[in-house]
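Residue-level listing of the chains:
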Amino acid sequence: MPDAPRELLRRVFGYDQFRGAQADIIHHLLGGGDALVLMPTGGGKSLCYQIPALLRPGTAVVISPLIALMQDQVDALQQLGVRAAFLNSSLELGAARAVERSLRAGALDLLYIAPERLLTDRCLALLESIDIALFAIDEAHCVSQWGHDFRPEYIQLNCLHERWPQVPRIALTATADTPTRNEIIAQLRLEAARLFVASFDRPNIRYRVVEKANPRQQLRDFLRREHPESAAIVYCSARRRVEETALYLQTQGFKALAYHAGLPADTRRTHQLRFLREEGLVMVATIAFGMGIDKPDVRCVAHLDMPKSLESYYQETGRAGRDGLPADAWMTYGLSDVVMQRRRIEESEADERFKRIELHKLDQMLGFCETAHCRRQVLLHYFGETLEQPCGNCDTCLEPVETWDGTDAARKALSCIHRTGQRFGSAYLTDVLLGKANERIRRFGHDRVSTFGIGQRIDGRTMTAENWRSVYRQLVAAGLVAVDIEGHGALRLTEAARPLLRNECTIQLRRDPERQRSRDKTRAP
Ligand code: ADP
Ligand code: ZN
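Residues numbered from 1 in each chain as written. Chains lettered and ligands numbered in written order. Predicted model: local features only at pLDDT ≥ 70, side-chain atom pairs only at ≥ 80, totals over all residues.

**Regarding the overall build of the protein chain**
Counted only if it meets this: To qualify as a helix, a DSSP run of H or I must reach at least 4 residues; to qualify as a strand, a run of E must reach at least 2; elements of each kind are numbered from the N terminus. It is over C-alpha atoms that the radius of gyration is taken, and the globule rule equals 2.2 Å times the number of residues to the power 0.38. In this description, any two residues whose backbone-derived C-beta atoms lie within 7 Å of each other are considered to be in contact.
When helices and strands are counted, the protein chain shows 24 helices and 19 strands. Taking 2.2 N^0.38 as the reference for a compact globule, 525 residues should give roughly 24 Å; the C-alpha atoms of the protein chain span a radius of gyration of 26 Å, in line with that estimate. When the backbone C-alpha atoms are referred to their principal axes, the protein chain occupies close to 85 × 50 × 45 Å. Of the contacts formed within the protein chain by residues at least 6 apart in sequence, a portion of 73% connects residues at least 24 apart.

Shown next as C-alpha cells:
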C-alpha cells in the first residue's frame, strides 16, 4: 500500500519527512482514533490534522480561539491548493453564507471555526447536514478553568463527542503540565484518546537568570555584549515599564519599539510589522505581544520581570530561536518580583482554589530561578519530562554554581525575622544583620536585639548586603519564609522553618550573586 500521508506531505506541503510523532498521530486519526497531542509551539501540530483532513472523506472542522490567525492559516493552505475556509465574527454576512454553501456542496477540506460560532444552533445544524472528516480542537488548554486562556465555550465542546460519536477528534496544545492535561481529558471526554507527548526541550536556547540589581542597565550591557544587532523581545510586567524601557534602549542606541495593549491598534500593528520585517529590532513588550508571531530568527528573549509561572516562561522564551540556531533566554530576577507576583495573586478577584494553584505555580517559578542545578532539567521536569544529563547550555551548567553550607546563615536570617517581629522586608533585615544602626533601626530599637550585627561574617567570610538578600531569596524560594503582601513585602517564618531553627537539619545555598555579576562583566562578546 502506498504511503498516502507521506506522499501528501511531499506533494502538497513540500516537506520530505515527518517530524517526531506526526506520522503516528496521522495514522491513528486515519484509523478513526481520538488523540490528545502535547507538542511545543513550532513543533508542527497543524500537519497532524491537516493531512488526515485531506485523506478522510468529508470536511475537517478545526476549532480555534485565535480569530486573528485563522485568515493567515487559511490563506497559507489555499496557496498550497488546499480547499480551506473559515467562519468567524470577522466575516461579512455574505462571505459567511458563501462559506456555508461550499461546505454544503462538499467543496471544503478544512473549515476553521471559532468555538462560539460553532456552538450556535445554526452552525450545529449545518454540520449535521454534511460529512465530517474529523474535529481538531486547537489550543485545547483553553478548556482549563485554572489556566489563563480559559474560554467558557471550550467546555461545551464536549457536545461534539455526543453528537458525532463516530468522528475522530484530535485535541492539541502546547501547554503540557499534568493538571491541564487531565482537565482537557476530563472536560472534552477524551478518556479513550491516545496521548502523544512530544519533547518540550529547546536545546538551542541558552537559559540564564541573573540577580536583578539595575535591570535596564543589565539588559543594555547584555544586549551590547551578546546581541548588538539581533532581533530581540524584552518582556516587562507593566505598560509603563515597557515604555520607559523602550525609550531607555533608544537613548542607548538600540532600535527599540514598545508594544502593549494600551497602545492604539495601528501603532501596535506598525510596530509588529516592523519587528517582523526589519533586522535587529528590539521589541519591548508586555505579554500581549507574541501570540502567533512567527519570526524564526529572534535571537534573544529577555525578561526584566519574572513571569508568573514556568508555563508562561516557557511560552515566552520559546519565541527565541525557532530556526534552531543558538538563541538566548535571559532574565533578571529579585525579591521584588516575588512581592509583585504575590500581590497580583492576593489582589485578584479569583477564588481561593485558584489562588492556591497560582501560588504553587509561582513557587515552581522561584525554584527555577534559585536552582543550583541544570535549569533545563528543572524546566523539563515541570513539564513531566526527564532530561538524564545536565544540558551544558544553561548558566548553571556552563559555570556550575557553588553551593555552601548555609545552615548558620539561614538560622541567623530566620531569627532576625523572628526578633524584629516578622514585620520587615529583606533590606531592613539585612541592615540589622549587618549592624547598621540607621535611624529607622534605632527608632524601632532593633539595634538592641540579639541578631543586630551578627551577620557581618559567616564561617570567616565577610557577608555583603547582596549576600544576605540572596539568602533571603533562597529561603523564600525554599518555602521557609513567606512574603507578606498585607505587610508590604514583610518576611515571616513558615512552619517549614522550624526544623532549621531547632537545629534539626542543615541547608545548602547557592553562592550568589557576586560571581554572577563579575561573570556578566568579564564574559567576552
Ligand atoms: P505548531 O502549531 O505546533 O506551533 P506549526 O504546525 O505551525 O507548529 O508548524 C511549525 C512550522 O514547522 C511550520 O512552518 C511548518 O510548516 C513546519 N513543519 C511542520 N511539520 C514539518 C515537517 N514534517 N517538515 C518540515 N517542516 C515542518
Ligand atoms: Zn543546563
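What follows continues from the structure just given.
**With respect to the packing of helix α16 (residues 352–370) against helix α22 (residues 465–477)**
To be explicit about the condition: Axes, fitted as lines to C-alpha atoms, cover a helix only where it is in contact. Angles between the N-to-C directions of the axes lie from 0 to 180 degrees. For this classification, under 35 degrees means roughly parallel, over 145 means roughly antiparallel, 65 to 115 means roughly perpendicular, and everything else is oblique. Left-handed describes a crossing whose near helix is turned anticlockwise from the far helix through less than a right angle; right-handed describes the clockwise counterpart.
At a minimum axis distance of 9 Å, the contact between α16 and α22 shows a crossing angle of 140°. Of the possible angle classes, the one that applies to α16 and α22 is oblique. Relative to α22, the crossing made by α16 is left-handed. Touching Leu-366, Gly-367, Cys-369 and Glu-370 of α16 are Arg-473, Gln-474, Val-476 and Ala-477, all from α22.

**Observations concerning the confidence of the model for the protein chain**
Note the threshold: Values of pLDDT, which run from 0 to 100, indicate the predictor's confidence residue by residue.
Per-residue pLDDT for the protein chain averages 91, and the proportion of residues at 70 or more is 96%. Here residues 515–525 is modelled with pLDDT under 50, and outside its nearest four sequence neighbours on either side it reaches eight contacts, counting other chains as well. Both confidence scores are given for the complex: pTM 0.76, ipTM 0.98.

**Describing the sheet that holds strand β8 (residues 205–211)**
What counts here: We treat two strands as partners when DSSP finds at least two bridges between them.
With respect to topology, six strands assemble into an open sheet ordered β8-β13-β12-β9-β11-β10, the strand pairing being parallel. Two strands bound the open sheet, and with one partner strand each, they are β8 and β10 (256–259). Adjacent strand axes in the sheet meet at a mean angle of 15° when their direction is disregarded. Across seven bridges, the pairing between β8 and strand β13 (residues 327–333) is parallel. In the strand pairing of β13, Glu-211 is matched with Tyr-333. Packed onto the sheet, helix α12 (residues 239–251) meets β9 (231–235), β10 and β11 (282–285) and runs at close to 170° relative to β10.

**Overview of the environment of Thr-178**
The following threshold applies: Neighbour density around each residue's C-beta defines its exposure: 20 or more other C-beta atoms within 10 Å make it buried, 12 or fewer make it exposed, and counts between make it partly exposed, where C-beta atoms are placed from the backbone.
Relative to the elements of secondary structure, Thr-178 occurs in helix α10 (residues 178–187). On the basis of neighbour counts, which here come to 10 C-beta atoms within 10 Å, the residue Thr-178 falls in the exposed class. Residues Thr-178 and Gln-71, spaced 107 residues apart in sequence, show a C-alpha to C-alpha distance of 32 Å.

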